[in-house]
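Results of the structural survey
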Amino acid sequence: MRIVGVDPGSRFVGFGVIEMKGQAYSCLDCGVIRAIHLKRLDEKLLCIFQALQALLCKHKPDAVAVEDVFFGRKKNPRGILLLGQARGVVLLAAALEKIPVFEYTPSRIKRAVGAGGGGSKAAVTRMVKTLLELPKQQMRADAYDGLAIALCHAHTVLGFRQPGAQNTSSQTTLSKATLSKTTLSKATFSSFAERLKKSYVAPREVR
């Protein structure tokens, strides 16, 4: 299974492509789509759309995972509006290629990679590097965010349940026996790939 994770933005769009085989996964590609050099919003959105379309055509993923809009107290209305427009471009590019889209909140994405719901970008970067065994070369944080979003969907597909998470109708239903095997303790996430459920379950859209 191949997953593209996208961290949308109007100036920089981070993306990460991972491939799952059984309960193992590896990084195929990651980087940043840059639209900061363009002045008009329509030009920025067109640049992002064309780059995403080329990325999806190249990797032909089975799913696209994207970060949902976060309405924090520090977010200004204009910033939220621009983010929503950038997300719309991502959704359109995936829809044209008939690729299902899954949306995750920032806190869920951070918990999924072991950075904690309120973890910093540095913590997310560190955990993504560890989980995917990436080289030490530095990239923009947006690229690591894209990989974190892809990993979040991968863990959802595998049936991973985060500690303290509440069951909802939109989450994958697991038996109590399975939950006891997949719930992580307070140990580090260095071995958390081995703790995931071996068999796939059907993915569902998570908001």
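A few points on the structure. In this text, all values refer to a predicted model and were calculated from it rather than measured experimentally. (Residues numbered from 1 in each chain as written. Predicted model: local features only at pLDDT ≥ 70, side-chain atom pairs only at ≥ 80, totals over all residues. Heavy atoms only, no water.)

1. Concerning the overall build of the protein
Each helix and strand in the protein was counted, giving 6 helices and 5 strands. Tracing the protein from N to C terminus, the helices and strands come up as β-β-β-α-β-α-β-α-α-α-α. Counting only residues that meet the buried cut, the protein has 50% of its 207 residues in that class. Restricting the contact set of the protein to residue pairs at least 6 apart, pairs at least 24 apart contribute 65%. When the accessible area of the protein is evaluated, it comes to approximately 10,800 Å², of which 55% is carbon and sulfur surface. (Helix = DSSP H or I, 4+ residues; strand = E, 2+ residues; numbered from the N terminus. Buried < 20%, exposed > 50% of the residue type's maximum accessible area, 1.4 Å probe, protein only. Contact = heavy atoms within 4.5 Å. Areas by Shrake-Rupley, 256 points an atom, 1.4 Å probe, with all protein chains shown as cover.)

2. So, the pairing of strand 3 (residues 24-34)
As paired strands, strand 2 (residues 12-21) and strand 3 are joined by 10 bridges and run antiparallel to one another. Residue pairing in the sheet places phenylalanine 12 in a bridge with arginine 34 of strand 3. Hairpin connection from strand 2 to strand 3: 2 residues lie between these consecutive antiparallel strands, with glycine 22 at a positive phi of about 65°. (Pairing = 2+ DSSP bridges.)

3. Digging into the pattern of salt bridges
Following the criterion strictly, the structure yields 7 salt bridges and no others. Between arginine 40 and glutamate 43 there is a salt bridge whose closest N-O contact spans 3.8 Å. Under the relative-accessibility criterion, arginine 40 is labelled partly exposed at 48%. As a salt-bridge pair, glutamate 103 and arginine 87 come within 2.1 Å of each other at their nearest N and O atoms. Placement of glutamate 103 in strand 5 (residues 101-104) and of arginine 87 in helix 2 (residues 77-96) is noted, with a sequence separation of 16 residues between them. Assigned by exposure class, glutamate 103 and arginine 87 land together as buried. Three or more residues joined by partner-sharing salt bridges are found here, namely Arg40, Asp42 and Glu43. (Salt bridge = Lys/Arg side-chain N within 4 Å of Asp/Glu carboxyl O.)

4. Considerations on the environment of valine 124
Locating valine 124 in the fold gives a position in helix 4 (residues 121-132). When the C-alpha positions of valine 124 and isoleucine 109 are compared, they lie 9.0 Å apart, and in sequence the two are 15 residues distant. With residues up to four places along the chain from it excluded, the contact list for valine 124 reads Lys110, Ala115, Asp145 and Ala148.

5. Describing the state of the cysteines
Inspection of the entire model under this criterion finds 0 disulfides. Summary of cysteine pairing: cysteine 30 is not part of a disulfide, and the nearest cysteine sulfur, belonging to cysteine 27, is at 4.3 Å. (Disulfide = S-S within 2.5 Å.)

6. Concerning helix 4
Its 12 residues place the ends of helix 4 16 Å apart at the C-alpha level, agreeing with the 16 Å of an ideal helix rising 1.5 Å per residue. Among the residues of helix 4, Ala123, Val124, Thr125, Met127, Val128, Lys129, Leu131 and Leu132 are the ones counted as buried. Close packing links the buried residues of helix 4 with strand 2, strand 3, helix 3 (106-112) and helix 5 (141-158). Phi turns positive, to about 55°, at glutamate 133, one or two residues after helix 4. (Expected span 1.5 Å × (residues − 1).)

7. Comments concerning the pairing of strand 4 (residues 63-67)
With 4 of its 5 residues buried, strand 4 lies for the most part within the structure. When strand 1 (residues 2-7) meets strand 4, the two strands line up parallel, connected through 4 bridges. Each bridged residue has a counterpart across the sheet, and for valine 4 the counterpart in strand 4 is valine 64. Here 4 bridges tie strand 4 to strand 5, and the two strands are oriented parallel to one another. Across the sheet, the residue bridging to alanine 65 is phenylalanine 102, located in strand 5.

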